[in-house]
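Residues per chain, in single letters:
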Amino acid sequence: MALSTRCFVRDLVMDSLIGVYAHERVKPQRVRLNLDLEVAAPGVTGEDMAAVAKGLVSQGHVTLIETLAERIAERCLADERIAAVKVRVEKLDVFPDAASVGVEIERARA
């Protein structure tokens with residue numbers, strides 16, 4: 001039986017300039033990130049990947065949450081110790097009657 005190790009980051013909330021509308025380009029909104037990482041070699045920590053995600057979010061405006069999720073997944077998989085990643089990005093304040101709207105993607109090393 002093959003053994004695997006998973007690292008994760010849960011419910012990382014931060015401000016982000018994200019969205020297609022004009023007001024979303026100038027007023028930050030809260031997003032929540034969740035990462036699940038399948039680790040192929042030791043040394044990867046959730047703290048490392050949280051820092052990666054924070055860095056990408058702070059780089060400036062992103063039009064689509066799908067784009068942000070893809071960027072985070074690509075950056076995680078650039079680390080050869082990570083075999084696969086699941087990224088969930090949620091905008092928290094879009095609708096008053098919904099907890100969030102978002103996207104979840106899964107990517108694996110080819």
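Quick caveat, the model's predicted, so the values are computed rather than measured.

Q: Whenever I open this one, the sheet that holds strand β2 (residues 29–39) confuses me. Can you help?
A: By definition, the strands of a sheet pair up through backbone hydrogen bonds, in either a parallel or an antiparallel sense. Across the sheet, which stays open at both edges, the 4 strands sit in the order β1-β2-β3-β4 with antiparallel pairing between neighbours. What marks the edges here is a single partner per strand, and that holds for β1 (5–16) and β4 (101–108). Ignoring strand direction, the axes of neighbouring strands in this sheet form an average angle of 10°. As paired strands, β2 and strand β3 (residues 82–91) are joined by 9 bridges and run antiparallel to one another. By the bridge assignment, Glu38 is partnered in β3 with Ala84. Contacts from helix α2 (residues 46–57) reach β1, β2 and β3, with the element oriented near 30° to β1. Sheet strands touched by helix α3 (residues 65–77): β2, β3 and β4. Its angle to β3, the strand with the most contacts, is close to 155°.

Q: Explain the side chain of Ser16 here, please?
A: For Ser16, the position within the fold is in strand β1. Ignoring anything within four residues of it in the chain, the contact list for Ser16 reads Pro28, Gln29, Val31 and Val57.

Q: Looking at this structure, how should I read the environment of Glu47?
A: Considering the arrangement of structural elements, one finds Glu47 in helix α2. Glu47 sits in the exposed class, given a relative accessible area of 62%. A sequence separation of 31 residues divides Glu47 from Ser16, and the C-alpha atoms of the two residues are 19 Å apart.

Q: Explain the UniProt feature "domain: Dihydroneopterin aldolase/epimerase" (unreviewed entry) in the chain to me, please; I cannot follow it from the model alone.
A: As annotated in UniProt, the feature "domain: Dihydroneopterin aldolase/epimerase" (unreviewed entry) corresponds to residues 7–107 in the numbering used here. In residues 7–107, helix accounts for 30% and strand for 38%; the two terminal C-alpha atoms are 15 Å from one another.

Q: What is the right way to read the pattern of salt bridges from this model?
A: Note on pairing: side chains with opposite charge can pair once their charged atoms come close. Tallying each qualifying case throughout the model produces 9 salt bridges. One salt bridge in this structure joins Arg81 and Asp79, with 2.7 Å as the shortest N-O distance. Residue Arg81 is classed as partly exposed on the basis of its relative accessible area, which comes to 29%. Among the salt bridges present, the one from Arg88 reaches Glu104, with a minimum N-O distance of 2.9 Å.

Q: Would you mind showing me how to read the layout of surface pockets here?
A: Where empty space is left becomes clear once a probe the size of a water molecule has been rolled over the atoms. Space inside the largest pocket adds up to approximately 310 Å³. Around the largest pocket, the lining is made up of 16 residues, and of these Gly19, Glu24, Gln29, Lys91 and Val94 lie nearest the centre. Per-class residue counts for the lining of the largest pocket are 7 nonpolar, 4 polar and 5 charged.

Here is what the cut-offs are and how they apply
Residues numbered from 1 in each chain as written. Predicted model: local features only at pLDDT ≥ 70, side-chain atom pairs only at ≥ 80, totals over all residues. Heavy atoms only, no water. Pairing = 2+ DSSP bridges. Helix = DSSP H or I, 4+ residues; strand = E, 2+ residues; numbered from the N terminus. Axes fitted to C-alpha atoms, helices over the stretch in contact; angles between N-to-C directions. Contact = heavy atoms within 4.5 Å. Buried < 20%, exposed > 50% of the residue type's maximum accessible area, 1.4 Å probe, protein only. UniProt positions renumbered as here; feature names shortened; annotations may be inferred. Salt bridge = Lys/Arg side-chain N within 4 Å of Asp/Glu carboxyl O. 1 Å grid on protein atoms, 1.4 Å probe; cavity = no way out; pocket = protein on both sides within 12 Å on 5 of 7 lines; lining within 4 Å. Points joined across faces, edges and corners; volume = space filled by probe spheres on them. Nonpolar A, V, L, I, M, F, W, Y, C, P; charged D, E, K, R; others polar.

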